[in-house]
Amino acid sequence: MTNTKGKSSTQNLVLSAMFLALGIVMPFFTGQIPEIGGNLLPMHLPVLICGYVCGWRYGLLVGAVVPVLRSILFGMPPMMPTAAAMAFELAAYGAVTGILYERLPKTLPSVYASLIGAMIAGRLVWGLVSIVLYGIAGNTFSIHIFLGAVFFNAIPGIILQIILVPVMIMALKRAKAVK
């Protein structure tokens, strides 16, 4: 059985498992640089790429599972509110990259458009979920916390995503791994 991307569901499942494993392992590499390790957003990269390669459904699932599974296995990120909010954020990343990439022409500008659209959507979802989770915990979630977390502290990761993701998608496209 093949999907619209020409890959079988088995291929997408295997690739999604690989992206899930990368999302779990990559923070170990960046965590060795405490000054910027967490700001490089290492779990985001495999989820974003999964949305392009496997489609929005797989991207959504991988994004939702990576932070929760990593929290369960290693205690990082802490489950509440961090991993829980990240699960929604990363699910949005994987889904939006897949949805936009399916609907846009398969060009470099479209890769950037889908990436930036996903980055904005994911950060907005994270903010909305964080408002709820912080409220449940009896903590305040201010605009300063939101801006600090999604923009100022994340600048190294945003730059990394804007550079690496399009390069990887175009390379995978040339290798015929993505449509």
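Here, every reference points to the structure presented above.
About the criteria used
Residues numbered from 1 in each chain as written. Predicted model: local features only at pLDDT ≥ 70, side-chain atom pairs only at ≥ 80, totals over all residues. Heavy atoms only, no water. Helix = DSSP H or I, 4+ residues; strand = E, 2+ residues; numbered from the N terminus. Rg over C-alpha atoms; globule rule 2.2 N^0.38 Å. Buried < 20%, exposed > 50% of the residue type's maximum accessible area, 1.4 Å probe, protein only. Contact = heavy atoms within 4.5 Å. Areas by Shrake-Rupley, 256 points an atom, 1.4 Å probe, with all protein chains shown as cover. Salt bridge = Lys/Arg side-chain N within 4 Å of Asp/Glu carboxyl O. Patch = residues over 30% accessible without salt bridge, like charges linked within 9 Å, V, L, I, M, F, W, Y side chains within 5 Å. Core = buried A, V, L, I, M, F, W, Y, C linked by side-chain atoms within 4.5 Å. Axes fitted to C-alpha atoms, helices over the stretch in contact; angles between N-to-C directions. Parallel < 35°, antiparallel > 145°, perpendicular 65-115°, else oblique. Left-handed = near helix turned anticlockwise from the far one by under 90°. Polar contact = N/O pair within 3.5 Å; in protein donor to acceptor, adjacent residues only side chain to side chain.

Caption draft 1: Main features of the overall build of the chain. A tally of regular secondary structure across the chain gives seven helices and zero strands. Counting from the amino terminus, the chain carries its helices and strands in the arrangement α-α-α-α-α-α-α. In terms of overall dimensions, the chain is globule-like: its C-alpha atoms have a radius of gyration of 16 Å, near the 16 Å expected for 179 residues. A principal-axis box enclosing the C-alpha atoms of the chain has dimensions of 50 × 30 × 30 Å. Sorting the 179 residues of the chain into buried and exposed places 42% on the buried side. Relative to all contacts within the chain whose residues are 6 or more apart in sequence, the contacts with residues 24 or more apart total 69%. As displayed, the chain offers around 9,100 Å² of accessible surface, 76% of which is attributable to carbon and sulfur atoms.

Caption draft 2: How the structure looks around the environment of Val25. Relative to the elements of secondary structure, Val25 occurs in helix 1 (residues 9-30). Here the alpha-carbon distance between Val25 and Val96, two residues 71 residues apart in the chain, equals 23 Å.

Caption draft 3: View of the pattern of salt bridges. Overall, the coordinates contain one salt bridge when judged by the stated rule. The closest approach of N and O atoms between Glu102 and Arg103, which form a salt bridge, is 3.8 Å. Residue Arg103 is classed as exposed on the basis of its relative accessible area of 62%.

Caption draft 4: Summary view of the environment of Thr107. Relative to the assigned elements, Thr107 resides in the loop between helix 4 (79-103) and helix 5 (108-136). Accessibility expressed as a relative area gives 34% for Thr107, which makes it partly exposed. Thr107 sits 77 residues away from Thr30 along the chain, and the two C-alpha atoms are 30 Å apart.

Caption draft 5: Seen up close, a nonpolar patch on the surface. There is a patch of nonpolar side chains on the surface, built from Ile143, Leu147, Phe151, Phe152, Ile155, Ile159, Ile163, Leu164 and Met168 and spanning about 810 Å² of accessible area. Of all the secondary structure elements, the ones that give two or more residues to the nonpolar patch are helix 6 (143-152) and helix 7 (155-174). Relative to the helices and strands, Phe152 is located in helix 6.

Caption draft 6: View of the nonpolar core. Formed by 27 residues in total, the largest nonpolar core has its most connected members in Phe19, Tyr52, Val165 and Ile169. Looking at this core, the elements that each hand over two or more residues are helix 2 (44-54), helix 3 (56-74), helix 4, helix 5 and helix 7. The biggest single contributor to this core is helix 2, with eight residues. For Val165, the residues in contact, after removing those within four places along its chain, are Leu45, Leu48, Ile49, Tyr52, Leu115 and Leu160. Counting residues in each nonpolar core, the second largest holds eight residues, with Ala85, Val129, Leu133 and Val150 among its members.

Caption draft 7: Highlighting the packing of helix 3 against helix 4. Between helix 3 and helix 4, whose axes approach to 7 Å, the crossing angle comes to 160°. When the interaxial angle is binned, helix 3 and helix 4 end up roughly antiparallel. Viewed along their axes, helix 3 and helix 4 form a crossing whose handedness is right-handed. Across the interface between the two elements, Trp56, Gly59, Leu60, Gly63, Ala64, Pro67, Val68, Ser71 and Ile72 from helix 3 touch Met79, Ala83, Met86, Ala87, Leu90, Ala91, Gly94, Ala95, Gly98, Ile99 and Glu102 from helix 4.

Caption draft 8: Focus on the side chain of His44. Structurally, His44 can be placed in helix 2. Given the relative accessible area of 3%, His44 is considered buried. Separated by 3.5 Å, the side chains of His44 and Glu89 make a polar contact. Leaving out residues up to four positions away in the same chain, His44 has contacts with Met86, Glu89, Leu90, Tyr93 and Gln161.

Note that every value here comes from positions in space, so none of it alone points to a role or purpose.
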